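Summary of structural features
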Amino acid sequence: MTSEKMLNFTVGPVMSSDAVCDLGSQQVPYFRTAEFSETMFENERLMLRFANAPQDSRAVFITGSGTASMEAVVMNLFSTIDKVIVVNGGSFGHRFVQLCSIHDIPFSEIRLEPGRALRPEHLAPYEGQGYTGFLVNLDETSTGVLYDIQLISDFCRRNHLFLAVDSISSFLADPFDMAALGVDVMITGSQKALACPPGVSIIVMAPRAVKRAMNSHCRTMYLNLADALKNAERGQTPFTPAVGILRQINVRLKEIEARGGVESENRQIALQAADFREKIAGMPFEIVSESLSNAVTPLHPLRASAYDIFLKLKDEYGIWVCPNGGDMAERVFRVGHIGALTPADNTQLVDALKDLERRGLL
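Residues numbered from 1 in each chain as written. Predicted model: local features only at pLDDT ≥ 70, side-chain atom pairs only at ≥ 80, totals over all residues. Heavy atoms only, no water.

So, about the overall build of the protein chain. The helix and strand tally for the protein chain stands at 13 helices and 15 strands. Over its C-alpha atoms the protein chain spans a radius of gyration of 20 Å, differing by no more than 12% from the 21 Å that the globule rule assigns to 362 residues. If you line up the protein chain on its principal axes, its C-alpha atoms span 60 × 55 × 35 Å. Of all 362 residues assigned to the protein chain, the portion counted as buried reaches 56%. The long-range fraction of contacts in the protein chain, counting pairs at least 24 apart against all pairs at least 6 apart in sequence, stands at 72%. Surface accessibility of the protein chain: about 15,100 Å² in total, with carbon and sulfur atoms responsible for 51%. Averaging the locations of the 34 positively and 42 negatively charged side chains of the protein chain gives two centres separated by 2 Å. (Helix = DSSP H or I, 4+ residues; strand = E, 2+ residues; numbered from the N terminus. Rg over C-alpha atoms; globule rule 2.2 N^0.38 Å. Buried < 20%, exposed > 50% of the residue type's maximum accessible area, 1.4 Å probe, protein only. Contact = heavy atoms within 4.5 Å. Areas by Shrake-Rupley, 256 points an atom, 1.4 Å probe, with all protein chains shown as cover. Lys, Arg positive; Asp, Glu negative; His and termini not counted. Charge placed at Lys NZ, Arg CZ, Asp CG, Glu CD.)

A word on the sheet that holds strand β15 (residues 333-336). Strand-to-strand pairing in sheets goes through backbone hydrogen bonds, with the strands running parallel or antiparallel. Read across the open sheet, the four strands follow the order β11-β12-β15-β14; overall the sheet is antiparallel. Unpaired on one side and paired on the other, β11 (285-287) and β14 (322-323) mark the two borders of the sheet. With two bridges connecting them, β14 and β15 associate as antiparallel partners. Within β15, the residue paired with P323 across the bridge is F333. (Pairing = 2+ DSSP bridges.)

Next up on the list: the nonpolar core. Proteins that are soluble and globular tend to have nonpolar side chains buried together. Judged by nonpolar contacts, the single largest core of 62 residues is most densely connected at M47, L118, F134, I152, F176, M178 and V204. Discounting residues that sit within four places of it in the chain, F176 has contacts with F50, A51, L138, I149, V165, L181, V183 and M186. Counting residues in each nonpolar core, the second largest holds 32 residues, with L77, V86, A164 and A213 among its members. (Core = buried A, V, L, I, M, F, W, Y, C linked by side-chain atoms within 4.5 Å.)

So, on to the pattern of salt bridges. Inspection of the entire model under this criterion finds 18 salt bridges. For R212, the salt bridge goes to D82, with nearest N and O atoms at 4.0 Å. With R212 in helix α8 (residues 207-214) and D82 in the loop between α3 (66-77) and β3 (84-88), this residue pair connects regions lying 130 residues apart in the sequence. On the accessibility criterion, R212 (25% relative accessible area) is partly exposed. Among the residues examined, D82 registers a relative accessible area of 8% and is labelled buried. Two residues, R158 and E127, come together in a salt bridge whose shortest N-O distance is 2.5 Å. With a gap of 31 residues between them, R158 in helix α6 (residues 149-159) and E127 in the loop between α5 (120-123) and β5 (133-137) connect regions that are remote in the sequence. For E127, a relative accessible area of 30% translates into the label partly exposed. Among the charged side chains, a salt-bridge network with shared partners connects E42, R45, R49, K254 and E257. (Salt bridge = Lys/Arg side-chain N within 4 Å of Asp/Glu carboxyl O.)

A word on the layout of surface pockets. In this structure, the largest pocket occupies an estimated 350 Å³ of space. In terms of lining, the largest pocket is formed by 18 residues, of which the most central are G90, S91, P114, D327 and M328. When its residues are assigned to classes, the lining of the largest pocket shows three nonpolar, 10 polar and five charged. (1 Å grid on protein atoms, 1.4 Å probe; cavity = no way out; pocket = protein on both sides within 12 Å on 5 of 7 lines; lining within 4 Å. Points joined across faces, edges and corners; volume = space filled by probe spheres on them. Nonpolar A, V, L, I, M, F, W, Y, C, P; charged D, E, K, R; others polar.)

Of all eight residues that make up helix α9 (residues 225-232), six are buried, and the element is covered over most of its length. Along α9, the residues that are buried comprise L225, A226, A228, L229, N231 and A232. Residues of α9 that are buried sit in contact with α2 (34-50), β2 (58-63), α3, β10 (200-205) and α8. One side-chain oxygen at the N-terminal end of α9 lies 3.1 Å from the backbone nitrogen of A226; it belongs to N224. (Polar contact = N/O pair within 3.5 Å; in protein donor to acceptor, adjacent residues only side chain to side chain.)

Look at any regular strand and the pattern is simple: side chains alternate between the two faces of the sheet. Most of β5 sits out of view: five of its five residues are buried. Of the two faces of β5, the one carrying G133, L135 and N137 and the one carrying F134 and V136 are both buried. In terms of strand pairing, β5 meets strand β8 (residues 162-166) through five bridges, oriented parallel. Each residue of the ladder has a partner; that of F134, found in β8, is L163.

Tallied over the entire structure, the rule returns two cavities of 30 Å³ or more. Put simply, the largest cavity is a space of about 110 Å³. Along the walls of the largest cavity sit F61, I62, T63, Y222, N224, A228, T237, P238, F239, T240 and P241, which together make up its complete lining. With three residues, the top contributor of residues to the lining of the largest cavity is β2. The residue inventory of the lining of the largest cavity, partitioned by class, reads seven nonpolar, four polar and no charged. What the second largest cavity holds in volume is close to 90 Å³. Considering the residues around the second largest cavity, the lining is formed by M40, E44, A59, V60, F61, A228, A232, G235, Q236, T237 and P238. At the level of elements, α2, β2 and α9 are the ones that each hand at least two residues to the lining of the second largest cavity. If you tally residues by element for the lining of the second largest cavity, the top one is β2, at three residues.

Have a look at this one:
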């Protein structure tokens, strides 16, 4: 059984709208122009609105995946005089651990077992201990866990911590109010719920983060946030950006605006996730996250290899789901709910899974 069109349920890249795809097929224009600057000003304005960033916040667009912006944040906004808490509950939390180690940022890690939620008892040992910063992947995509951002926000406010949030897969999928939560930095990426090709990541900085960036003495050229901020004042980037993707982001942001904004997008993705989870009820799967994001459902097959299911869906049904790596490769695969997906697409995936079950392969 095959499909001419691949149906994509991964968590990035995801299915894009027709308008985004159509623009991607066009010639890429020259970018040192007033017209491109206007596109970038509009991109920044809409990103700040959708994140509900506080007044005088700024957004910069980095040509690089989400990890590039994670590294830029660590390099530019923290230093050896900081003392940072890192939540490490999966491969992306571990990435922040690696970045702090590489850049000599003093840190302590809160290590969580895969699928486990962050709870007050995990934070309690760090109360009043002189920490200055907090790094968290809001949706630990590798395990499908959405951390309690209100719990983290309250902790950081009590302890006067600079809060940097990787919201790469959670932005637009789950409610997030940067100003209300006192978040200093939010990171996201083009290939998640923004539903554009990979290659651009976005850093939204509240005023406290902007001040840190402008006063940073980190040794970098390409990931220098002060330079990025200065160039953004004229709607430009320091170096040649992914022009085509930035234009697609503009189309996508205006689509979101026209459809009711971030609240409407949150609602649509939540409905897509709930529809899938309802349709797989009673099937031989265990959902392994204690705290689910709307963006993704992590599934442990009770009688089959997760990686075998990934391969069979891809090769025999024309459907992509998201495999896991490392020691979870055989145990867990993930189904994304972001991008241009519909409940009918969920039905097609569930029908394929039920067909595997009838064949004794699930």
